[in-house]
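Examining the three-dimensional arrangement
Chain by chain, the residues run as shown.
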Amino acid sequence: MTEDTRQPKPHLVTLPEGRKAAFGCACGKSQNQPWCDGSHKGTGIEPIRVEALPGAEVLLCGCKETKSPPFCDGSHNALPGGYTTDPFESVRDIPTVEF
């Protein structure tokens with residue numbers, strides 16, 4: 001069984017120029033977060049198509065609890081370890097992910 005790789009903070013992603021879409025992990029098991037690596041097979045969960053303007057910076061959900069997949073809606077703030085009183089803490093440690 002593949003390990004759960006969800007995290008309590010979003011992934012900051014810049015969609016590269018010339019690429020309009022990719023597939024994001026929805027199951028929380030991909031070893032290539034936030035992107036799908038096929039680990040969802042057999043779970044009944046399908047990857048989510050990520051579409052954004054080339055070069056756009058977006059926050060993709062890391063906790064997989066968002067109500068607006070694949071984008072972060074702040075749902076991680078209600079999870080253990082997700083809420084902070086420092087308004088900038090949530091963006092200081094967001095991992096930047098390359099395609």
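Everything that follows concerns the structure shown earlier in this document.
Residues numbered from 1 in each chain as written. Predicted model: local features only at pLDDT ≥ 70, side-chain atom pairs only at ≥ 80, totals over all residues. Heavy atoms only, no water.

Describing the nonpolar core
- Within the largest apolar cluster, eight residues are counted, these being Val13, Leu15, Ala22, Trp35, Val50, Ala52, Val58 and Leu60.
- What Leu60 contacts, discounting residues up to four positions off in sequence, is Pro10, His11, Val13, Pro34, Trp35, Val50, Pro70, Phe71 and Cys72. (Core = buried A, V, L, I, M, F, W, Y, C linked by side-chain atoms within 4.5 Å. Buried < 20%, exposed > 50% of the residue type's maximum accessible area, 1.4 Å probe, protein only. Contact = heavy atoms within 4.5 Å.)

Concerning empty space enclosed by the protein
- Scanning the entire structure with this criterion turns up one cavity of 30 Å³ or more.
- There is about 30 Å³ of room inside the largest cavity.
- Classifying every residue of the lining of the largest cavity gives six nonpolar, one polar and one charged. (1 Å grid on protein atoms, 1.4 Å probe; cavity = no way out; pocket = protein on both sides within 12 Å on 5 of 7 lines; lining within 4 Å. Points joined across faces, edges and corners; volume = space filled by probe spheres on them. Nonpolar A, V, L, I, M, F, W, Y, C, P; charged D, E, K, R; others polar.)

A look at unusual backbone geometry
- Backbone torsion omega between Gln33 and Pro34 reads 5°, so that peptide bond is classified as cis.
- With respect to the helices and strands, Pro34 occurs in the loop between strand 2 (21-24) and strand 3 (48-51).
- Here the bond from Pro69 into Pro70 is cis, since omega is 5°, no more than 30 degrees from zero.
- Turning to its location among the elements, Pro70 is positioned in the loop between strand 4 (57-60) and helix 1 (89-92). (Helix = DSSP H or I, 4+ residues; strand = E, 2+ residues; numbered from the N terminus.)

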